[in-house]
Amino acid sequence: MTAVTDNETDLIRRAQDDDANAFCSLAERYARRIYLLAFHYCRNAQDAEDLSQEVWMKAFQALAGFRAEASFYTWLRRITINAFLNHQRAGSFRQQGQTMFVELLTADSETIFDARSTSAESVYNKVLFESVMSALGDLTPAQRLMFLLRHYEGMSYDEVAAAMNCSTGTVKKGVSRAISKLRAKLDTKTEDEPEQLTRLAEC
């Protein structure tokens, strides 16, 4: 597993000693990534904000138990996935269709797309991103989470299975079905959709 960096180790140690500024510095490093993962999963800006805040609260409360057996982000992602699964079981996500995420999706006061950009590539990416987000909405919550963890987070099938407390075979089937649905929705014919979707999600 990936170890934390020396700088991060110092921040964690200080945060565990109740240094609020150190914890805020840790949060600043990963706030955008956690928010984006939450937004891609629940597809609602307010839900993503609420989930992100919940994740950071739980991380703060559990930080004393962090032992650096994995990277801080890996530990944080575990908390995030558990939050997703808990909300999924509770059925507490807002039932809402496509949202105006291009305007709403922000993190650290930085928008994913520069609204002032009118280049052909920027416009194309915005349209494609909207199509991808709409397509993700056609997946079941479990399929969407499996797909995001596998192709957005780059986790192995075994890692996804462990995180979601299911078999590796279940994850492989779920990801395969998710890709089939996305291909049908996006009407794509090539074999590199996951990479395209991942690249666009990281814009």
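Draft legend 1. Local environment of the overall build of the protein. Check the secondary structure of the protein and you find 10 helices and 2 strands. When the helices and strands of the protein are placed in sequence order, the string is α-α-α-α-α-β-β-α-α-α-α-α. Counting every position in the protein, which comprises 203 residues, the buried fraction comes to 44%. A fraction of 67% describes how many contacts in the protein between residues 6 or more apart in sequence connect residues 24 or more apart. Element-wise, carbon and sulfur atoms account for 49% of the exposed surface of the protein, whose accessible area totals about 10900 Å².

Draft legend 2. View of the pattern of salt bridges. This model, assessed by the stated rule, comprises 9 salt bridges. In this structure, the salt-bridge partner of E153 is R77, at a minimum N-O distance of 3.0 Å. Of the two residues, E153 sits in the loop between helix 7 (141–152) and helix 8 (157–164) while R77 sits in helix 4 (residues 72–90), which places them 76 residues apart along the sequence.

Draft legend 3. Quick peek at the nonpolar core. Core analysis: the biggest nonpolar cluster contains 55 residues, and W56, L63, F72, L76 and L145 have the highest contact counts within it. Of the residues forming this core, the biggest block, 13 residues, is contributed by helix 2 (residues 20–42). Apart from the residues within four sequence positions on either side, W56 is in contact with F23, L26, A27, Y30, A31, I34 and L76.

Draft legend 4. Representation of the packing of helix 8 against helix 9 (residues 168–186) within the structure. At their nearest, the axes of helix 8 and helix 9 sit 8 Å apart, and the two run at 105° to each other. Comparing the axis directions of helix 8 and helix 9 gives the class roughly perpendicular. Where helix 8 abuts helix 9, its residues Y157, D158, V160 and A161 lie against T168, V171, K172 and V175. For the contact of helix 8 with helix 9, a count of residues per class yields 5 nonpolar, 1 polar and 2 charged.

Draft legend 5. Just helix 2, in detail. Maximal helix bending in helix 2 amounts to about 50°, located at Y30. For helix 2, the side-chain oxygen to backbone nitrogen distance between the N-cap and N21 is 3.0 Å, and the N-cap itself is D19.

Draft legend 6. The side chain of T80, seen in detail. Mapped onto the elements of the fold, T80 is located in helix 4. Taking the relative accessible area as the measure of exposure, T80 reaches 0% and is therefore buried.

Draft legend 7. Main features of unusual backbone geometry. Its identity is not glycine, yet D18 carries a phi of approximately 70°, on the positive side. Tracing the chain through its elements places D18 in the loop between helix 1 (6–16) and helix 2. The exposure class of D18 is exposed, given its relative accessible area of 68%.

Draft legend 8. Main features of the packing of aromatic side chains. Under the counting rule described, the total for this entry stands at 9 aromatic pairs. Arranged with centres 5.2 Å apart and planes meeting at 75°, the rings of F23 and F60 form a pair that is edge-to-face. Of this pair, F23 sits in helix 2 while F60 sits in helix 3 (residues 45–62); the two residues are 37 residues apart in sequence, bridging distant segments of the chain. Here F23 falls in the buried class, since its relative accessible area comes to 11%. Between Y30 and F72, the ring centres sit 5.9 Å apart and the planes meet at 40°, which makes this aromatic pair tilted. Placement of the pair is Y30 in helix 2 and F72 in helix 4, with a sequence separation of 42 residues.

Draft legend 9. Representation of the packing of helix 7 against helix 9 within the structure. Interhelical geometry of helix 7 versus helix 9 gives an angle of 95° and a closest axis separation of 8 Å. Between helix 7 and helix 9, the angle is such that the two are roughly perpendicular. Here Q143, M146, F147, R150 and H151 of helix 7 come into contact with helix 9, specifically with T170, V171, G174, V175, R177, A178, I179, K181 and L182. Looking at the contact of helix 7 with helix 9 residue by residue, the classes come out as 7 nonpolar, 4 polar and 3 charged.

Draft legend 10. Seen up close, the environment of D50. Relative to the helices and strands, D50 resides in helix 3. By relative accessible area, which is 33% here, D50 ends up partly exposed. Each C-alpha atom, one on D50 and one on A38, is 9.3 Å from the other, the two residues being 12 residues apart in sequence.

Here is what the cut-offs are and how they apply
Residues numbered from 1 in each chain as written. Predicted model: local features only at pLDDT ≥ 70, side-chain atom pairs only at ≥ 80, totals over all residues. Heavy atoms only, no water. Helix = DSSP H or I, 4+ residues; strand = E, 2+ residues; numbered from the N terminus. Buried < 20%, exposed > 50% of the residue type's maximum accessible area, 1.4 Å probe, protein only. Contact = heavy atoms within 4.5 Å. Areas by Shrake-Rupley, 256 points an atom, 1.4 Å probe, with all protein chains shown as cover. Salt bridge = Lys/Arg side-chain N within 4 Å of Asp/Glu carboxyl O. Core = buried A, V, L, I, M, F, W, Y, C linked by side-chain atoms within 4.5 Å. Axes fitted to C-alpha atoms, helices over the stretch in contact; angles between N-to-C directions. Parallel < 35°, antiparallel > 145°, perpendicular 65-115°, else oblique. Nonpolar A, V, L, I, M, F, W, Y, C, P; charged D, E, K, R; others polar. Bend = angle between axes of the 7 residues up to and from the residue. Polar contact = N/O pair within 3.5 Å; in protein donor to acceptor, adjacent residues only side chain to side chain. Phe/Tyr/Trp six-rings, centres within 6.5 Å; stacked < 30°, edge-to-face > 60°.

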